[in-house]
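# Fold and contact review
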Amino acid sequence: MTTNPQARPAFGTLLADRMSIATFANGAWSADRMVPTAPIPMHPGAHVLHYASSCFEGFKAYRWADGSIHVFRMDRHIERMRQSSRLLYLPVPDAAQLERMVLQTIDVNREQVPEPPGALYMRPVIFGTMPNIGAASQPSTEATLIVLASPVWDYFAGGMKPLRIYVEDERHRTAEHLGVVKTGGNYAAAMGPTLAAKEKYGIDQVLFCPGGSVQETGAANFLLIREGHILTRSLDSTFLHGVTRDSLLTMTRAMGFRIEERVFDVREMLEWVKDGEAALSGTAAVLAGVGTLVLHDGTEVRVGSGDVGPVTQKLRAALVAIQNGTAPDAHGWTRKV
Ligand SMILES: Cc1ncc(COP(=O)(O)O)c(C=O)c1O
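Computed from a prediction, not measured in an experiment: that's the story for all the values here.

This brings us to the packing of helix α5 (residues 243–254) against helix α7 (residues 310–323). Viewed as axis vectors pointing N to C, α5 and α7 meet at an angle of 105°, and their least axial separation amounts to 11 Å. With respect to α7, the element α5 is oriented roughly perpendicular. Residues Thr244, Ser247, Leu248, Met251 and Thr252 of α5 touch α7, and the partners they reach there are Leu315, Ala318, Leu319 and Ile322. Here the contact of α5 with α7 is built from residues that sort into 6 nonpolar, 3 polar and no charged.

Considered as a void within the structure, the largest pocket measures approximately 850 Å³ in volume. If you trace the largest pocket, you find 42 residues lining it, with Phe11, Tyr155, Ala219, Ala284 and Ala285 closest to the centre. Mapped by element, the contributors of at least two residues to the lining of the largest pocket are α2 (74–87), β7 (119–128), β8 (143–152), β11 (216–217), α5 and β15 (277–282). Lining the second largest pocket we find 14 residues, and of these Arg76, Arg80, Leu235, His241 and Gly242 sit closest to its centre. Those elements giving two or more residues to the lining of the second largest pocket turn out to be α2 and α5. Looking at the lining of the second largest pocket residue by residue, the classes come out as 3 nonpolar, 3 polar and 8 charged.

We describe a pair of aromatic rings using the distance from one ring centre to the other and the angle between the two ring planes. This structure, assessed with the given rule, holds 5 aromatic pairs. With 5.0 Å between their ring centres and 65° between their planes, Phe11 and Tyr121 make a pair best called edge-to-face. With a gap of 110 residues between them, Phe11 in the segment before β1 (18–25) and Tyr121 in strand β7 connect regions that are remote in the sequence. With 5.8 Å between their ring centres and 80° between their planes, Phe72 and Trp333 make a pair best called edge-to-face. In this pair, Phe72 sits in strand β6 (residues 69–72) while Trp333 sits in the loop between α7 and β18 (334–336), placing the two residues 261 residues apart along the sequence. For the pair Phe72 and Trp333, a shared accessibility class is recorded, and that class is buried. Over the ring of Trp272 we find Arg226; its NZ or CZ atom is 4.4 Å from the centre of that ring.

As a further point, take the site of the ligand. Near the ligand, the surroundings consist of 17 residues, among which Lys182, Tyr187, Glu216, Thr244 and Thr283 are the closest. Glu216 places a polar side-chain atom, nitrogen or oxygen, 2.5 Å from a nitrogen atom of the ligand. Contact distances for the ligand include 2.6 Å between an oxygen atom and a side-chain N or O atom of Thr283. Notes on the ligand: free accessible area 390 Å², of which the protein chains cover 95%. Cavity membership is defined here by more than half of the atoms lying within 2 Å of grid points; on that basis the ligand lies in the largest pocket. Those elements giving two or more residues to the shell around the ligand turn out to be α2, α5 and β15.

For the rest of this paragraph, the subject is α7. An ideal rise of 1.5 Å per residue puts 20 Å on 14 residues; α7 measures up with 20 Å between its terminal C-alpha atoms. Val311, Thr312, Leu315, Arg316, Leu319, Ala321, Ile322 and Gln323 are the residues of α7 that are buried. A positive backbone phi angle near 75° is found at Gly325, which sits one or two residues after α7.

Quick look at empty space enclosed by the protein now. To find the voids left in a structure, one rolls a probe of water-molecule size over its atoms. Throughout the structure, instances matching the rule amount to 1 cavity of 30 Å³ or more. Approximately 60 Å³ is the volume found for the largest cavity. For the largest cavity, the full set of lining residues is Phe59, Lys60, Tyr62, Phe72, His77, Val243, Thr244, Gly282, Thr283, Val286 and Gln323. Those elements that provide at least two residues to the lining of the largest cavity are β5 (59–63) and α5. With 3 residues, the single largest contributor to the lining of the largest cavity is β5. Its residues assigned to classes, the lining of the largest cavity comprises 5 nonpolar, 5 polar and 1 charged.

Criteria and cut-off values
- Residues numbered from 1 in each chain as written.
- Predicted model: local features only at pLDDT ≥ 70, side-chain atom pairs only at ≥ 80, totals over all residues.
- Heavy atoms only, no water.
- Axes fitted to C-alpha atoms, helices over the stretch in contact; angles between N-to-C directions.
- Helix = DSSP H or I, 4+ residues; strand = E, 2+ residues; numbered from the N terminus.
- Parallel < 35°, antiparallel > 145°, perpendicular 65-115°, else oblique.
- Contact = heavy atoms within 4.5 Å.
- Nonpolar A, V, L, I, M, F, W, Y, C, P; charged D, E, K, R; others polar.
- 1 Å grid on protein atoms, 1.4 Å probe; cavity = no way out; pocket = protein on both sides within 12 Å on 5 of 7 lines; lining within 4 Å.
- Points joined across faces, edges and corners; volume = space filled by probe spheres on them.
- Phe/Tyr/Trp six-rings, centres within 6.5 Å; stacked < 30°, edge-to-face > 60°.
- Buried < 20%, exposed > 50% of the residue type's maximum accessible area, 1.4 Å probe, protein only.
- Lys NZ or Arg CZ within 6 Å of the ring centre and 35° of its normal.
- Near = heavy atom within 4 Å.
- Polar contact = N/O pair within 3.5 Å; in protein donor to acceptor, adjacent residues only side chain to side chain.
- Areas by Shrake-Rupley, 256 points an atom, 1.4 Å probe, with all protein chains shown as cover.
- Sits in = over half its atoms within 2 Å of the grid points.
- Expected span 1.5 Å × (residues − 1).

Here is the structure:
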């Protein structure tokens, strides 16, 4: 694998050579097969193409210093995929089968797992294939499940820059009962507000706070951080329950932090960032510091010093060390492949 950062493909643009595939029909899942990563035939009337019956997951396998490969919190991601499938009335993947598909996909592509800070990003996806263009309010009784793998490199190749975040206090990221589902439609819904704010204010991400209540950004959870204390939204159906969020809260609870999980509003966030930190959590970036909040009227609010905060940096390093096997895994989050 190349070590020149300039030559590295952008996140998600390079796929590993092999993928795993299974199909659902007549009430049962087929056996799964490893096949070359290549286009698949699909009926033009497939349910997903018309009614967006699809969901996916994203998590990583890491190469440790001794060359061994370890996948991080796969069980959590499989459970979330099953929950997404249930909430979209898609056939629910069998947990044991999906686990086998993930492990085999990592195994056959093991030569393509980059060294840290890279990783092999795993992307299971399920979609409804029932050929019926009149099934807007009928679930798809047929589906395809695919596990893709993608070698990815450091999200922060250019150094860890503080993010500029637009505070969207009117529009929703998604329908409020579907925020918890990792489905393409949610990203489609967030695209317009995100592109508009990018163009107007040159921001990196949008923090959705409909009615003033802080939720999450387009692709990451949101945490307010200071030494010994974290505030983040309590779990409800309006946002995705991030595995990184859970890992950070579990880790900091064990470090003796006070963890507040509750609803809070933009006003309280603006008070916090006068001398506290803010960060986004997710598989891709782990924990990314926020430097500036841009408000509806264009006002710019500095978060703490305006740089990535020291507690954010410390927590990010602690979690990365577990993922890369350089710190003990006290919670049993890593699994050797
Ligand atoms: C909308 C959204 N929220 C939060 C997250 C973070 O989730 P996780 O930590 O499980 O990657 C993601 C990324 O997958 C996301 O797309």
